[in-house]
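Coordinate analysis (summary)
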Amino acid sequence: MQILERDHYECQDCRKRLRDAVAAGDILRGEEKKIRRAEEVHHIVELKEHPELGLEEDNLISLCVPCHNLRHGRAPRRFKRKKKLVSKELW
Ligand SMILES: [Zn+2]
Ligand SMILES: [Zn+2]
């Protein structure tokens, strides 16, 4: 993906959050210090509204999955645990 390469596979929201925090003088700990690896490309302007921007690189941004979900107002993805089948057979 060109966009991911352009952004060096770094989540741009994580990057921004970090930059803002440093600018604000916040002390970051642990997870907050990390820029997560970008895995998805987000359209800044919804294509529904502006289909002509679909191929504009400026309209595309690399995001990690949690930040991408956040942008869409979705709950963070969680690992779904497979339910173990409870066997009622008694040997
Ligand atoms: Zn992120
Ligand atoms: Zn998106």
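Keep in mind that this is a model prediction, so the values were computed, not measured.

**Considering the side chain of Asp13**
Tracing the backbone shows Asp13 in helix α2 (residues 12-24). A distance of 2.7 Å separates polar atoms of two side chains, one belonging to Asp13 and the other to Arg71. Not counting residues within four places of it along the chain, the set of residues in contact with Asp13 comprises Ile61, Leu63, Cys67 and Arg71.

**Quick notes on the coordination of the zinc ion (ligand 2)**
Looking at the zinc ion (ligand 2), one finds its protein donor set to be His42 (ND1), His68 (NE2) and His72 (NE2), positioned 2.0 to 2.1 Å from the metal centre. Every donor residue of the zinc ion (ligand 2) comes from the same chain, spaced as H-x25-H-x3-H. Of this pair, His42 sits in strand β1 (residues 40-43) while His68 sits in helix α3 (residues 65-71), and the two are 26 residues apart along the sequence.

**Examining the coordination of the zinc ion (ligand 1)**
Ideal values for angles at a metal depend on the geometry: 109.5 degrees with four tetrahedral donors, 90 or 180 degrees with six octahedral donors. Around the zinc ion (ligand 1), the protein contributes the donor atoms Cys11 (SG), Cys14 (SG), Cys64 (SG) and Cys67 (SG), at 2.2 to 2.3 Å from the metal centre. Coordination at the zinc ion (ligand 1) comes from four donor atoms whose angles at the metal span 102 to 119°, giving a geometry best classed as tetrahedral. Sequence spacing among the residues donating to the zinc ion (ligand 1) works out to C-x2-C-x49-C-x2-C. Accessibility classification places Cys11 together with Cys14 in one group, the buried group.

Definitions and limits used
Residues numbered from 1 in each chain as written. Chains lettered and ligands numbered in written order. Predicted model: local features only at pLDDT ≥ 70, side-chain atom pairs only at ≥ 80, totals over all residues. Heavy atoms only, no water. Helix = DSSP H or I, 4+ residues; strand = E, 2+ residues; numbered from the N terminus. Polar contact = N/O pair within 3.5 Å; in protein donor to acceptor, adjacent residues only side chain to side chain. Contact = heavy atoms within 4.5 Å. Donors = N, O, S within 2.8 Å, 3.2 Å for Na, K, Ca; no water. Tetrahedral: all angles 85-135°; square planar, octahedral: opposite > 155°, others 65-115°. Buried < 20%, exposed > 50% of the residue type's maximum accessible area, 1.4 Å probe, protein only.

Such coordinate-based values are descriptive only and should not be taken to indicate function.
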